[in-house]
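Here's the letter readout for the chains.
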Amino acid sequence: MSAHIGVTGLAVMGANLARNFARNGYTVALHNRSAAKTDALLENHGDEGDFVRTESLAELVDALEKPRRVLIMVKAGAPVDSVIEQLVPLLDEGDIVIDAGNSHYEDTRRREAALAEKGLHFVGIGVSGGEEGALLGPSIMPGGSRASYDSLGPMLEKISAKYDGEPCCRWVGTDGAGHFVKMVHNGIEYADMQVIGEASDLLRSAAGLEPAEQAEVFTEWNKGELSSFLIEITAEVLAHTDARTGKPFVDVVVDSAGQKGTGRWTVVSALELGSPVSGIAESVFARGLSSQRDQRALAQDILAGHEDQVQVPEGFVEDVRQALFASKLVSYAQGIDMLTAAAAEYGWDLKLDEIASLWRAGCIIRAELLDDIMKAYADEDKPANLLFAPAFATAIADAVPAWRRVVAVAVQLGIPVPVFSSSLAYYDGLRRKRLPAALTQGLRDLFGAHTYRRVDAEGTFHTLWGGDKSEVSAVDTH
Ligand code: NDP
């Protein structure tokens, strides 16, 4: 019997995806560089569906129906190139090579172009949902050629998470589009987690709520417009007590946040695209600052705070909820703005409503909000910025007074809220009729003759700063 799909790389993610395919009725050929993982999967879960054991990539390829579908789930980076290099000579024109790992989208673009020259399809797919999602239904963001999706898509849709019965899997665009969308998803995830952290810090340091009390607050918040997986598990983590000490779990964990790099990739890419993802960037920087433990320890004795003794306003917990919601909206708006910029740069026809729909279930940022975001972009009249969609413009405007109060209190008490405050600055920056960028242009023209444009005349100009300060027409260099 020919297998429908082959999976090579059977560590936790590959094994769970393979099981997910098998549980959905597909025959799955299995391969791992060292046979031990293949055997462990068959021994522990071999009865979950139809598997074909193989010991080499050649055997794996031979076990597959045509066009062949080979899914690679090995360590991201050089191992992916190494597996592709070994696979290519074994494949025939029209076969599909799938990379479902966390690869950088530029690597995916490079690999797609190289395999296309050989008549092979290369599909980079973003998969979110962690180990459990891989097994029970992840959110899947496939890139690659549209033609390859005709053969592969139905299988991916079958194993994906479902939202109201709709698969959280849709072709998002050519070459690296799938991995790009997954990367931005992860950037938003960083911001989502940081705003939750800032809210928790404020609830404790300003409102005096202990972690167990906060858990109740987050459980309550999860019933409203903030309803999401991350808010739900925040309540769970905050409610957890350390068995060794009897202290709140969050008090015995080192306050230094790790990162695997997708947040950083998002920010680097946003900088290149000129997309102002300040909330996501501040989230990555916040993790970086948390990791500078030596400097933080020294700062305790060196840096003075001069915090004000302010009275926390009445209704502060609700204010924090609104500030969290508004900041979260800004992060989504910024992530989506970046998708728009990338679509123009890379020639992807990204459908923002469909992308939002993929994130409604299965992935880490799944949230009620995403259904509304999907609807905002499904409209004929698409907003130029998520915050301009009438429902969101109203929602964020309603939150602004609370948001300003919370940021003001945080500043006075010396509680760092980099995403709450930078998101508010982004919001105000967008709204502001005139920005001090005009002065920046003047300075650039003075020290570097970078030229400027005028509000009242076409063309590009330069002022003779070193001479009589008269204005001349200039070649545009700004
Ligand atoms: P790992 O990233 O730990 O990679 C281990 C697997 O890669 C093993 O099967 C290993 O084989 C194989 N491998 C490593 N180097 C090579 C090589 N040079 N040639 C062939 N095979 C090699 O596995 P995970 O399951 O944790 O992750 C797989 C991918 O999924 C990664 O890209 C990761 O970033 C991504 N991921 C995604 C998550 C998500 O939520 N979407 C969560 C976790 C991971 P061997 O057993 O022989 O050593």
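Just so you know, these numbers come straight off a predicted model, no measurement behind them.

Peer 1: Please set out the nonpolar core residue by residue, giving values where relevant.
Peer 2: Nonpolar side chains in soluble globular proteins tend to be buried together. The biggest cluster of nonpolar side chains holds 87 residues, and the ones touching the most others in it are Phe180, Phe218, Trp221, Trp359, Ile373, Trp403 and Phe420. In terms of residue count, helix H15 (residues 316-346) provides more of this core than any other element does, 16 residues in total. With residues near it in sequence (within four places) discarded, Phe180 still touches Tyr105, Ser269, Leu273, Met338, Leu339, Ala342, Tyr346 and Trp348. Membership of the second largest hydrophobic core comes to 29 residues, among which are Val7, Leu41, Met73 and Leu152.

Peer 1: So what's going on with the UniProt feature "active site" (unreviewed entry) in the chain? Which residues, and what values?
Peer 2: Residues given the UniProt feature "active site" (unreviewed entry) here are Lys182 and Glu189. One can find Lys182 in helix H8 (residues 177-205). Lys182 sits in the buried class, given a relative accessible area of 6%. If sequence neighbours within four positions are ignored, Lys182 has contacts with Asn102, Gly126, Val127, Ser128 and Met141. The topology assignment puts Glu189 in helix H8. Those residues in contact with Glu189 that lie beyond four places of it in its chain are Leu230, Ile364 and Ile365.

Peer 1: Which residues make up the domain arrangement of the chain, and what are the values?
Peer 2: Domain annotation of the chain identifies domain 1 (5-171), domain 2 (182-431) and domain 3 (436-473). In this assembly, 23 residues from domain 1 lie in contact with 18 residues from domain 2. When domain 1 packs against domain 2, the two sides together hide about 1800 Å² of surface, and 59% of this comes from carbon and sulfur. The three residues of domain 1 that bury the most area against domain 2 are Tyr105, Tyr163 and Arg170, which together make up 34% of that side's buried surface. Run the count over domain 1 and domain 2 and you get two salt bridges. Across the salt bridge formed by Glu354 and Arg170, the nearest N and O atoms sit 3.5 Å from each other. Of the residues assigned to the side of domain 1 that touches domain 2, the class counts are ten nonpolar, eight polar and five charged.

Peer 1: Lay out the UniProt feature "binding site: substrate" (unreviewed entry) in the chain with the relevant residues and their values.
Peer 2: Taking the UniProt record as the reference, the feature "binding site: substrate" (unreviewed entry) is found at Asn102, Ser128, Gly129, Gly130, His185, Asn186, Tyr190, Lys260, Arg287, Arg444 and His450. Of the residues just listed, which span 349 residues, the most distant C-alpha pair is 48.4 Å apart, and they do not cluster in one region. In this fold, Asn102 is placed in the loop between strand E5 (96-99) and helix H5 (105-117). Side chain to side chain, Asn102 and Lys182 meet in a polar contact 2.8 Å long. Tracing the backbone shows Arg444 in helix H20 (residues 437-448). Taking the relative accessible area as the measure of exposure, Arg444 reaches 22% and is therefore partly exposed. Within the structure, Arg444 has its side chain in polar contact with the side chain of Gln441 (distance 2.7 Å).

About the thresholds
Residues numbered from 1 in each chain as written. Predicted model: local features only at pLDDT ≥ 70, side-chain atom pairs only at ≥ 80, totals over all residues. Heavy atoms only, no water. Core = buried A, V, L, I, M, F, W, Y, C linked by side-chain atoms within 4.5 Å. Buried < 20%, exposed > 50% of the residue type's maximum accessible area, 1.4 Å probe, protein only. Helix = DSSP H or I, 4+ residues; strand = E, 2+ residues; numbered from the N terminus. Contact = heavy atoms within 4.5 Å. UniProt positions renumbered as here; feature names shortened; annotations may be inferred. Domains from an automatic or database assignment. Buried area = accessible area lost by both parts, 1.4 Å probe. Salt bridge = Lys/Arg side-chain N within 4 Å of Asp/Glu carboxyl O. Nonpolar A, V, L, I, M, F, W, Y, C, P; charged D, E, K, R; others polar. Polar contact = N/O pair within 3.5 Å; in protein donor to acceptor, adjacent residues only side chain to side chain.

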